[in-house]
Amino acid sequence: MSREAIENLTLDLEEMRKLAGTAQRSRVQQMLAIDIRKLETDIQRQRDLMAAQASSEQSVTRPVQTPVSAPGDIRRYQVELKEYAWDQSDKFIKIFVTVNGVQQVPEDNVNVEFTENSFQLVISDLNNKDYIFVVNNLLNPIDSEKSYRRVKSDMVAIYLAKQSTTKWAHLTLTAKRLQDLKDERMSDGKKGASDDPSSGLMNIMQQLYDSGDPETKRMINKAWHESQNKQKTAPLE
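Residues take numbers from 1 onward in each chain, read along the sequence in its written order. Per-residue local features of the predicted model are confined to residues with pLDDT of at least 70, and side-chain atom pairs are confined, for both listing and counting, to 80 or more; whole-chain, interface and lining totals are unaffected and use all residues. With hydrogens and water excluded, all non-hydrogen atoms of the structure serve as input to the side-chain values.

A.B. asks: Quick one: what's the story with the overall build of the protein chain, residue by residue and with numbers?
C.D. replies: Under the scheme used here, helices are H or I runs from DSSP no shorter than 4 residues and strands are E runs no shorter than 2 residues, and both carry numbers assigned from the N terminus. Helix and strand counts for the protein chain come out as five helices and eight strands. For the protein chain, the sequential pattern of α-helices and β-strands runs α-α-β-β-β-β-β-β-β-β-α-α-α. The cut-offs for exposure are 20% and 50% of the maximum accessible area for each residue type, with area from a 1.4 Å probe on protein chains only; residues under the lower value are buried, those over the upper are exposed, and the others partly exposed. Considering the protein chain as a whole, with its 237 residues, one finds that 30% of them fall into the buried category. Long-range pairs, those at least 24 residues apart, make up 64% of the contacts in the protein chain with a sequence separation of at least 6. Throughout, the Shrake-Rupley method with a 1.4 Å probe supplies accessible areas, and for residues the shown protein chains are the sole cover considered. On the protein chain, roughly 15600 Å² of surface is accessible, and the fraction owed to carbon and sulfur atoms is 49%. Any two residues whose heavy atoms approach within 4.5 Å at even a single point are treated as in contact.

Here it is in C-alpha cells:
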C-alpha cells in the first residue's frame, strides 16, 4: 500500500471519529467504535509492512539492471495472504497456503520464520510482489527447530512440529476464544433473553476486540461484516 493510500485511510479515520462524537444511539456508537478500531489496526499494519519492506530493501543487495530513475522501473508491493487450510497428525500441524506460481521462484525466496507460538511466511519477488502470511498465538507451543516448509505446485505446505501428541481443536488461541464466546452466548440464551440480546453481544465483541491481538481483531472484523451483510440481504417479511 502506498503512502497516499495510508493518508486516505487516515482521513477516513478522522471522519469516523467525528461521526462517533455526534452519534446519539448506543448501538450506533458501538458500531462506529468497532469500525474505528478496524481502521486504526489497518493503518498500523500497513505502516509496519512499509517499514519492514524498507528495512528489507536496505539490507538486501540485488543486481541493478536499470537505473532507479529509469522510466518503467517496476516496484514490488506486498500482498497479505489470508486464506489457508490446515490438518494435523500426531507429530505435526500442517498448514496449506495457496499461492499461484510459487514453484517458479527460487527456493531461497520462500522463507518461514518459526517461534514457539507463531510463524511468518514470506515469499519474495513472485511476479513483482512479496507475499506475507502470518499466524500468531498458536493454540499450543511448537518446536521451532523441527518445523519446516515445502514448496509444491501453487502451494506452500508448512509443518509445525508439535511438542506433544495432543490433538488441537483449533489452530490458534484466537479461534478458541471466539468459539468459547459463541458457546457462552448460546448457554446464556437458553437461560433467558435480554430486552436487546444483540447489545450484549456487541459489548462482548468490543471488549474482546479492545484486548485482542491483531489476529483476534481480524477475525472479529470478519465476523462482524459477515453478520452485517446477512442482515442487509435478509428478505423482508
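A.B. asks: Give a detailed account of the sheet that holds strand S5 (residues 119-126), specifying residues and quantitative values.
C.D. replies: Within a beta sheet, neighbouring strands are joined by backbone hydrogen bonds and run either parallel or antiparallel to one another. If DSSP finds at least two bridges between two strands, the strands pair. Strand order across the open sheet formed by four strands is S1-S6-S5-S4, with mixed pairing between neighbours. Edge positions in the sheet fall to strand S1 (77-80) and strand S4 (110-114), since each has one partner strand and no second. When strand polarity is set aside, the average angle formed by the axes of neighbouring strands in this sheet is 20°. Angles shown run from 0 to 180 degrees and are taken between the N-to-C directions of axes, each axis being a line fitted to C-alpha atoms and, for helices, limited to the stretch in contact.

A.B. asks: Which residues make up the packing of aromatic side chains, and what values do they have?
C.D. replies: Aromatic contacts are taken between Phe, Tyr and Trp rings whose centres are within 6.5 Å, Trp giving its six-membered ring; a plane angle under 30 degrees counts as stacked, one over 60 as edge-to-face, and the others as tilted. Under the defined criterion, the tally for this structure stands at five aromatic pairs. An angle of 50° between the planes, with centres 5.9 Å apart, marks the rings of Phe119 and Phe133 as tilted. Highlighted residues: Phe119 in strand S5 and Phe133 in strand S6 (residues 129-135), separated in sequence by 14 residues. Look at Phe119 and you get buried, because its relative accessible area is 2%. Judged by its relative accessible area of 2%, Phe133 is buried. Two thresholds decide whether a charge sits over a ring: the Lys NZ or Arg CZ must be within 6 Å of the ring centre and within 35 degrees of the ring normal. When the ring centre of Tyr159 is taken as origin, the NZ or CZ atom of Arg150, which lies over that ring, is 5.7 Å away.

A.B. asks: So what's going on with the side chain of Lys162? Which residues, and what values?
C.D. replies: Mapping Lys162 onto the fold places it in strand S8 (residues 155-162). The charged side chain of Lys162 is buried without a salt bridge, its nearest counter-charge being Asp90 at 5.7 Å. At a separation of 2.8 Å, a polar atom in the side chain of Lys162 contacts the main-chain carbonyl oxygen of Ser89. Residue contacts for Lys162: discarding those within four places in its chain leaves Gln88, Ser89, Asp90, Lys91, Phe92, Ile93, Lys167 and Trp168. Counted charges follow a simple rule, with Lys and Arg positive, Asp and Glu negative, and His plus the chain ends left uncounted. The salt bridge definition used is simple: a Lys or Arg side-chain nitrogen within 4 Å of an Asp or Glu carboxyl oxygen. Throughout this description, a polar contact denotes any pair of N or O atoms lying within 3.5 Å of each other; where both atoms belong to protein, one of them has to be capable of donating a hydrogen while the other can accept it, and for residues adjacent in sequence the pair is counted only when both atoms sit in side chains.

A.B. asks: Quick rundown of the environment of Gln44? Include the residues and the values.
C.D. replies: Mapped onto the secondary structure, Gln44 falls in helix H2 (residues 26-59). Given the relative accessible area of 42%, Gln44 is considered partly exposed. Spatially, the C-alpha atoms of Gln44 and Ile6 are 9.3 Å apart, while their sequence positions differ by 38 residues.

A.B. asks: Which residues make up the pattern of salt bridges, and what values go with them?
C.D. replies: Once their charged atoms are close, side chains differing in charge can pair, the charge on each being opposite to the other. Taken as a whole and assessed by the stated rule, the structure comprises three salt bridges. Across the pair Asp180 and Lys176 runs a salt bridge whose closest N-O atoms are separated by 3.0 Å. Of this pair, Asp180 and Lys176 both sit in helix H3 (residues 173-191), four residues apart, which is roughly one turn of the helix. When its relative accessible area of 37% is taken as the criterion, Asp180 is described as partly exposed.

A.B. asks: Can you break down the nonpolar core residue by residue, with the values?
C.D. replies: If you look at soluble globular proteins, the nonpolar side chains tend to sit buried side by side. We define a nonpolar core as any set of buried Ala, Val, Leu, Ile, Met, Phe, Trp, Tyr and Cys residues linked to one another through side-chain atoms lying within 4.5 Å. In terms of nonpolar packing, the biggest core is built from 25 residues, with Ile95, Phe119, Leu121, Ile123, Ile158 and Leu160 touching the most fellow members. Those elements that provide at least two residues to this core are strand S3 (92-98), S4, S5, S6 and S8. Element by element, the count of residues in this core is highest for S5, at four residues. Once residues lying within four places of it in the same chain are set aside, the contact partners of Leu160 are Lys91, Phe92, Ile93, Ile95, Phe114, Phe119, Leu138, Ile142 and Ser147. Counting residues in hydrophobic clusters, the runner-up holds nine residues, among them Met16, Leu32, Leu39 and Ile43.

A.B. asks: Describe the sheet that holds strand S7 (residues 142-152), naming the residues involved and giving the relevant values.
C.D. replies: Judged by pairing direction, the sheet is antiparallel, and its four strands sit side by side in the order S2-S3-S8-S7 without closing on themselves. Strands at the two margins of the open sheet, each flanked by one partner only, are strand S2 (85-88) and S7. Each neighbouring strand pair of the sheet contributes to a mean axis angle of 20°, computed without reference to strand direction. Bridging between S3 and S8 involves seven bridges; their strand directions are antiparallel. Bridge assignment links Ile95 to a residue of S8, and that residue is Ile158.

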